Amino acid sequence: MVKPRLLILIVAYNAEKNIEDVLVRVPRELSDVCDAEVLVLDDSSADATFEISTRIQQSGRIPFPVTVLFNPVNQGYGGNQKLGYHFALTHRFDYVALLHGDGQYAPECLPALLGPLLEHGIAAVFGSRMLTKGGARRGGMPLYKWTGNRILSWVQNKLLRTALSEFHSGYRIYSVDALRRIPFDLNTNDFHFDTEIIVQLVCWGMRIVEVPIPTYYGDEICRVNGIKYAADVIRTVIGARMQDVGLLYDRKFDVARASPYKSKVDFPSPHRIAVQTVRRGASVLDLGAADGHVSAALRERKGCTVVGVDRATPVYRTAVDDFIAHDLNEGVPALDLSKYDYILLLDVLEHLNSPELFVAQLRAALALSGSTTILVSTGNIGFIVNRLMLLLGQFNYGKRGILDLTHTRLFTFASFRRLFEQSGFRIREAQGIPAPVRLVWGDGAVARAAVAVNETLIAIARGVFSYQIFFVVEPLPSLEYLLGAAHRESARRAGTGTGASEP
């Protein structure tokens, strides 16, 4: 049987006191389960780390192939890891273990960390100093570091919805296949690289397992600025969480998911208002049906007949009575729109190449209709969060939300109103929609309170505090329609003899 290949990556910087001890302690029994190799990456040390590593390499004391490389320019803790992981990728290793050259982590634990990867094919195994109660303090971890570790890990778990005992251990083994799937090369070169790679694994839905390891603090020099590191960590996880709700965007956390759309029928949203507005048993045309959440709710709760229009995707057919595959960027579908009681355009127009042309075509298609109601929504670029971000010099597109990367237009209440009024529509009703906090915080008391506050603020200043805009729109009678109505009414009145007589 072919053994998996393991690269033991030892990142080293001014580690001449400990590098020999770390190298010779790599356990020989690793060869029983894998073909192991060692890579020492000296990050431009000013001492004899490279020379000592090279001497050990040539001495034959290490039972594995050893490569020693020296960076001519210091790459930083994160940058040095990037080089090592790239080495693992290009040399087709199966796993790569991160080990520090300062001796803080025991090489003897490598088999224990490798075991879960071999058995379960998970993405990463982390050595945790916090799994054994009291172990970190007994191993010499200073109280201030233990406290900071616990606080930061608690915050990170809350924001990332994870349950790791520790985020700040530098003792890890990654599946190279997992590294191949995430853009770790875009991560920082600084010490919070370890946090960013955790966020990536979580974003990509990969599994992380923790294994208890002993804690050892010797006379190694700590090169981490604790305050800066804590700030970088918090900023990273908050940024990732904000990206998840569509307020920020960072390419390194951009994971392609099957669908970005979630049902918003059961909390304040355009979805819920549309379902509440449509009368029971009505005929509905859902333009841009997406995953069919609204269509399904209208059929199940209101007994409506729903025709969905969007790009062809089989999932839509389960939510509608009929489905028409059509790209709305090609214009309004060639249908008799007058036979529908309602037309839905929920969070659609901002995605089109030319919303103005589409609305004009919609008006033309409804020229002879006097009864069709249009329910339409879009994001409000005037939302308070966007205003504050601009004040701070930020303008960030995201995977979803008001600044979705796929949006071609940004609207305020006034500009959205003009879009319809200038094409011959009348705005019958305009509402501001609160932020979808329940997508972030669930349905707890905090989320409900936040929505209540947001709705109160919308009542005070709709243009500032509305996350989305919802309009009930109807076409104004066209000249053709009005002229036809005049002919019909004239004929009726002439036939009944009720018309006014000439003098």
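Residues numbered from 1 in each chain as written. Predicted model: local features only at pLDDT ≥ 70, side-chain atom pairs only at ≥ 80, totals over all residues. Heavy atoms only, no water.

Visitor: Outline the overall build of the chain, listing residues and values.
Guide: Each helix and strand counted, the chain has 18 helices and 14 strands in total. A compact globule built from 503 residues should have a C-alpha radius of gyration of about 23 Å, whereas the chain, at 31 Å, is more than 25% larger. Overall, the chain is about 125 × 50 × 40 Å in size when its C-alpha atoms are taken along their principal axes. Out of the 503 residues belonging to the chain, those deemed buried represent 51%. (Helix = DSSP H or I, 4+ residues; strand = E, 2+ residues; numbered from the N terminus. Rg over C-alpha atoms; globule rule 2.2 N^0.38 Å. Buried < 20%, exposed > 50% of the residue type's maximum accessible area, 1.4 Å probe, protein only.)

Visitor: So what's going on with the sheet that holds strand β9 (residues 305–310)? Which residues, and what values?
Guide: A sheet is described by the order of its strands in space; here 7 strands give the open sequence β10-β9-β8-β11-β12-β14-β13, paired in mixed fashion. The open sheet has two free edges, formed respectively by β10 (322–325) and β13 (425–433), since each of these has just one partner strand. Each adjacent strand pair in this sheet contributes to an overall mean axis angle of 20°, direction not counted. Both β9 and β10 contribute to a ladder of 4 bridges, which runs parallel. Its bridge partner being in β10, V309 is matched across the sheet by I324. (Pairing = 2+ DSSP bridges. Axes fitted to C-alpha atoms, helices over the stretch in contact; angles between N-to-C directions.)

Visitor: A description of the environment of R409 should follow, citing residues and the corresponding values.
Guide: One can find R409 in the loop between α13 (384–391) and α14 (413–421). On the accessibility criterion, R409 (27% relative accessible area) is partly exposed. Spatially, the C-alpha atom of R409 lies 14 Å from that of I469, the residues being 60 residues apart in sequence. Those residues in contact with R409 that lie beyond four places of it in its chain are E350, N353, S354, P355 and E356. A distance of 3.2 Å separates polar atoms of two side chains, one belonging to R409 and the other to E356. (Contact = heavy atoms within 4.5 Å. Polar contact = N/O pair within 3.5 Å; in protein donor to acceptor, adjacent residues only side chain to side chain.)

Visitor: Which residues make up the environment of I208, and what are the values?
Guide: You can see I208 is positioned in strand β7 (residues 208–212). By relative accessible area, I208 is classed as buried at 17%. Sequence separation between I208 and I151 is 57 residues; the distance between their C-alpha atoms is 20 Å. Discounting residues that sit within four places of it in the chain, I208 has contacts with A124, F126, L164, I198 and L201.

Visitor: I'd like a description of a nonpolar patch on the surface, backed by residues and values.
Guide: Together, L388, L391 and L392 make up an exposed nonpolar region whose accessible area comes to about 360 Å². Checked against the element boundaries, L391 lands in helix α13. (Patch = residues over 30% accessible without salt bridge, like charges linked within 9 Å, V, L, I, M, F, W, Y side chains within 5 Å. Areas by Shrake-Rupley, 256 points an atom, 1.4 Å probe, with all protein chains shown as cover. Salt bridge = Lys/Arg side-chain N within 4 Å of Asp/Glu carboxyl O.)

Visitor: Any chance you could break down the packing of helix α6 (residues 143–160) against helix α9 (residues 226–244) for me, citing the residues and the numbers?
Guide: When two helices pack together, you describe them by how their axes are tilted relative to each other and by the distance separating the axes. Axis separation between α6 and α9 bottoms out at 9 Å; the angle between their running directions is 10°. Classified by the interaxial angle, the pair formed by α6 and α9 is roughly parallel. Each of L152, V155, Q156, L159 and L160 in α6 lies in contact with α9, whose residues at this interface are Y229, A230, V233, I234, V237, I238 and R241. (Parallel < 35°, antiparallel > 145°, perpendicular 65-115°, else oblique.)

Visitor: Could you give an account of the packing of aromatic side chains, with specific residues and numbers?
Guide: The tally for this structure, following the rule as stated, stands at 14 aromatic pairs. Taken together, a centroid distance of 5.4 Å and an interplanar angle of 85° make the contact between F416 and F420 edge-to-face. Of the two residues, F416 and F420 both sit in helix α14, 4 residues apart, roughly one turn of that helix. On the basis of an interplanar angle of 80° and a centroid distance of 5.7 Å, the ring pair of F420 and F425 is categorised as edge-to-face. Residue classification places F420 among the buried residues on the basis of a relative accessible area of 0%. Grouped by ring-pair contacts, the aromatic residues F411, F413, F416, F420, F425 and F471 constitute a single cluster. Sitting over the face of the ring of F126, R172 holds its NZ or CZ atom 4.3 Å from the ring centroid. Lying across the ring of F253, K252 places its NZ or CZ 5.5 Å from the centre. (Phe/Tyr/Trp six-rings, centres within 6.5 Å; stacked < 30°, edge-to-face > 60°. Lys NZ or Arg CZ within 6 Å of the ring centre and 35° of its normal.)

Visitor: Give me the lowdown on the confidence of the model for the chain, citing residues and values where you can.
Guide: In the predicted model, the chain carries a mean pLDDT of 88, and the fraction of residues at 70 or more is 92%. Here residues 499–503 is modelled with pLDDT under 50, and outside its nearest four sequence neighbours on either side it reaches 1 contact, counting other chains as well. (pLDDT = per-residue confidence, 0-100.)

Visitor: Any chance you could break down empty space enclosed by the protein for me, citing the residues and the numbers?
Guide: A complete count under the given rule lists 2 cavities of 30 Å³ or more for this structure. Each pocket or cavity is described by its volume, and for the second largest cavity that value is around 40 Å³. Considering the residues around the second largest cavity, the lining is formed by E350, T378, G379, I381, I402, H407, R409, L410 and F411. For the lining of the second largest cavity, the class distribution of residues is 4 nonpolar, 3 polar and 2 charged. (1 Å grid on protein atoms, 1.4 Å probe; cavity = no way out; pocket = protein on both sides within 12 Å on 5 of 7 lines; lining within 4 Å. Points joined across faces, edges and corners; volume = space filled by probe spheres on them. Nonpolar A, V, L, I, M, F, W, Y, C, P; charged D, E, K, R; others polar.)

Visitor: Residues and numbers for the packing of helix α10 (residues 270–277) against helix α11 (residues 293–302), please.
Guide: Where α10 meets α11, the closest approach of the two axes is 10 Å, and the angle between their N-to-C directions is 35°. Along this stretch, α10 crosses α11, giving a crossing that reads as right-handed. Facing H271, A274, V275 and Q276 of α10, the residues of α11 in contact are V294, A297, L298 and K302. Across the contact of α10 with α11, the residue classes break down as 5 nonpolar, 2 polar and 1 charged. (Left-handed = near helix turned anticlockwise from the far one by under 90°.)

Visitor: Requested: an account of the sheet that holds strand β6 (residues 172–175), with residues and values cited.
Guide: Across the sheet, 7 strands lie side by side as β3-β2-β1-β4-β6-β5-β7; this open sheet has mixed pairing. Edge strands, defined here as strands with exactly one partner in the open sheet, are β3 (66–70) and β7. Within the sheet, the average angular offset between the axes of one strand and its neighbour, ignoring direction, is 20°. As paired elements, strand β5 (residues 124–128) and β6 share 3 bridges and run antiparallel to each other. Each bridged residue has a counterpart across the sheet, and for F126 the counterpart in β6 is R172. Across the face of the sheet, helix α3 (residues 76–90) comes into contact with β1 (5–12), β2 (35–42), β4 (95–100) and β6 while running at roughly 160° to β1. In the packing of helix α4 (residues 110–120) onto the sheet, contacts are made with β1, β4, β5, β6 and β7, and the angle to β6 comes to roughly 25°.

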